[in-house]
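Working through the structure, step by step
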Amino acid sequence: MGAALHTTFVVIGAGGLGCPALLGLVDAGARRITIIDDDTVDASNLHRQVLFGLADVGVSKAKAARAAVLGRARQPLAVTALDQRLRADDLAGLLEPAGAPVVVLECSDDPSLKFAVHDACLDQGIPVVVAGVIGWRGQVMAVDPRRRDRACYRCLFEAPPPPELAPACAAVGVIGAVAGALGYAMAVHAVDLAERGSTAGALTHFDLLAGSVRRLAPKPRPDCSACGHLRNNHGALP
Amino acid sequence: MATVRIPTPLRKYTEGKDEVAISGASIRELLDNLDGAYAGIGERIRDGKGDVRRFVNIFVADEDIRFLDGLDTKVEDTDEISIIPAIAGG
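Summarised in this report is the structure supplied together with it. (Residues numbered from 1 in each chain as written. Chains lettered and ligands numbered in written order. Predicted model: local features only at pLDDT ≥ 70, side-chain atom pairs only at ≥ 80, totals over all residues.)

Right, let's talk about the overall build of chain A for a bit. Secondary structure assignment for chain A yields eight helices and eight strands. Taken over the C-alpha trace, chain A has a radius of gyration of 17 Å; the compact-globule value for 238 residues is 18 Å, and the two agree within 12%. For chain A, the spread of C-alpha atoms along the three principal axes comes to 55 × 40 × 35 Å. Long-range pairs, those at least 24 residues apart, make up 71% of the contacts in chain A between residues at least 6 apart in sequence. (Helix = DSSP H or I, 4+ residues; strand = E, 2+ residues; numbered from the N terminus. Rg over C-alpha atoms; globule rule 2.2 N^0.38 Å. Contact = placed C-beta atoms within 7 Å.)

Laid out in structure tokens, this is it:
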């Protein structure tokens, strides 16, 4: 790690994606992490939320995840655990750059929040990794607002799916190892965003039952509601 | 006929098939024929106005149809069409 040593990684959601993403960040040498989650550990989470054990059932996920990563880290590590429900209104203040560079990992299971976090990050110029997982499949995309020649998540998906068409993992199931693969991929992208952003703008789609991995690198949409204005106001960077 | 790759959540409409061969001179016609062959799949891809839902992407090879001619994008028999919905679970 170079620049990533001085980066604060903000992990939103310490669940199926957040747990392996945190492991990936810690093992990569991250020094500053903020974990945000208002939920508590349930026994039904344990097959995919690999930072937790039976002793954590009923405990705040943010606090249990903080204890787990601090116990694992070999490097000096500062972890802030925020046991709070994140609302779209909170995002601006929470993500406001405080001097040190920030990279956000959006690991929640709320489609609307996923898009709101993405949009707030773009507004504040903060790189963000967005992912989703269900069953045997998942998607991950790194978005770097500094790279105006690269697509953002809304260039690809214009709006979140309605709840009736986006069932939660708790309702339809997810293979723990698939969430693990996606979470680690998020950590890889996050470290890359902190260092150089070379992986930004492409969505990787995994179907691990079929054994297929597909990379889609769409062009930025000029009329994108999230990033179109950045290009229109400032032009594309070389 | 073009090859249409079906995402996992929609395979319940295609008898579990992950790809199907469907004819159609354009994406619009291909989607009409897809729904004709596999009833119910169409409304998961398009809304009541017939537009592609905003959390779904359709690619011809690796080209997003929004950068081509949208639903009027021409389809060749050798084309591979991918339907990619956003996945929101975490």
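The next point concerns the interface of chain A and chain B. By a frequent convention, interface size equals the accessible area lost on bringing the separate parts together. Listed as interface residues are 34 residues of chain A and, on the opposing side, 17 residues of chain B. Those elements giving two or more residues to the side of chain A that touches chain B turn out to be helix H4 (111–123), strand S5 (128–134), strand S6 (137–143) and strand S7 (203–207) of chain A. Partitioned by chemical class, the residues of the side of chain A that touches chain B number 18 nonpolar, nine polar and seven charged. (Nonpolar A, V, L, I, M, F, W, Y, C, P; charged D, E, K, R; others polar.)

Residues and elements named next belong to chain B. Counting buried positions along strand S3 (residues 56–60) gives five out of five residues, so the element sits mostly inside the fold. Judged by which residues are buried, S3 turns out to be covered on both faces: Val56, Ile58 and Val60 on one side and Asn57 and Phe59 on the other are all buried. As defined by bridge partners, S3 adjoins strand S5 (residues 80–85) across five bridges and the pair is classed as antiparallel. In the sheet register, Val60 faces S5, and the bridge partner there is Ile81. Pairing of S3 with strand S4 (residues 63–64), which is carried by two bridges, proceeds in the antiparallel orientation. Counterpart to Val60 in the pairing with S4 is Glu63. Linking S3 to S4, which pair antiparallel, is a turn of two residues; within it Ala61 sits at a positive phi near 55°. (Buried ≥ 20, exposed ≤ 12 C-beta atoms within 10 Å, placed from the backbone. Pairing = 2+ DSSP bridges.)

What follows deals with unusual backbone geometry. Residues apart from glycine generally show negative phi values, whereas peptide bonds are mostly found in trans. Residue and element names in this part refer to chain B. Of note in this structure, Glu15 is not a glycine but carries a positive phi near 55°. In this structure, Glu15 sits in the loop between strand S1 (2–5) and strand S2 (19–22). Notably, Ala61 is not glycine yet its phi reads approximately 55°, a positive angle.

Keep in mind these values describe shape, not function.
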